[in-house]
Amino acid sequence: MPIQREMRSKLRYQSNQTKDQLLGMAKKLNITGRWQMTKVELVRAIEKANNPARRNRHDQG
């Protein structure tokens, strides 16, 4: 099961944007540690920053 979850996760967070474009978005959103992140991590951080309901639910659980 964990492998399937990981594969789904990788497919879900694929982005057509370049890493430089994602870094620009992360900068606008003031995401710290963005230079050390992979492309997938950047997409996840951007999605989290853009979805406060998901962020709050994650922080509570």
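Now for a quick tour of the structure. (Residues numbered from 1 in each chain as written. Predicted model: local features only at pLDDT ≥ 70, side-chain atom pairs only at ≥ 80, totals over all residues. Heavy atoms only, no water.)

**Topic: the overall build of the protein chain**
- Helix and strand counts for the protein chain come out as four helices and zero strands.
- Tracing the protein chain from N to C terminus, the helices and strands come up as α-α-α-α.
- Residues counted as buried form 20% of the 61 residues belonging to the protein chain.
- Summarising the internal contacts of the protein chain: among those between residues at least 6 apart in sequence, 24% fall at separations of at least 24.
- Carbon together with sulfur atoms contributes 51% to the accessible area of the protein chain, which is approximately 5,200 Å² in total. (Helix = DSSP H or I, 4+ residues; strand = E, 2+ residues; numbered from the N terminus. Buried < 20%, exposed > 50% of the residue type's maximum accessible area, 1.4 Å probe, protein only. Contact = heavy atoms within 4.5 Å. Areas by Shrake-Rupley, 256 points an atom, 1.4 Å probe, with all protein chains shown as cover.)

**Considerations on the packing of helix α2 (residues 19-28) against helix α3 (residues 39-50)**
- Closest axis-to-axis distance for the α2/α3 pair is 10 Å, and the angle between their directions is 30 degrees. Considering the relative orientation of α2 and α3, their crossing is left-handed. Only K39, L42, V43 and I46 of α3 make contact with α2, whose side of the interface consists of K19, L22, L23, M25 and A26.
- Per-class residue counts for the contact of α2 with α3 are seven nonpolar, no polar and two charged. (Axes fitted to C-alpha atoms, helices over the stretch in contact; angles between N-to-C directions. Left-handed = near helix turned anticlockwise from the far one by under 90°. Nonpolar A, V, L, I, M, F, W, Y, C, P; charged D, E, K, R; others polar.)

**Some thoughts on α3**
- The first and last C-alpha atoms of α3 sit 17 Å apart over twelve residues, in line with the 16 Å expected at 1.5 Å per residue.
- For α3, the full list of buried residues reads L42, V43, A45 and I46. For α3, the arc enclosing every buried residue in end-on projection is 165 degrees, short of the 170-degree limit, so these residues lie on one face. (Expected span 1.5 Å × (residues − 1). Arc of directions from axis to C-beta.)

**A word on the nonpolar core**
- With nine residues, the main nonpolar core is built from L22, L23, A26, I31, M37, L42, V43, A45 and I46.
- Only α2 and α3 provide two or more residues apiece to this core.
- Top contributing element to this core by residue count: α3, with four residues.
- Setting aside its immediate chain neighbours within four residues, L42 contacts K19, L22, L23, A26, R34 and M37. (Core = buried A, V, L, I, M, F, W, Y, C linked by side-chain atoms within 4.5 Å.)

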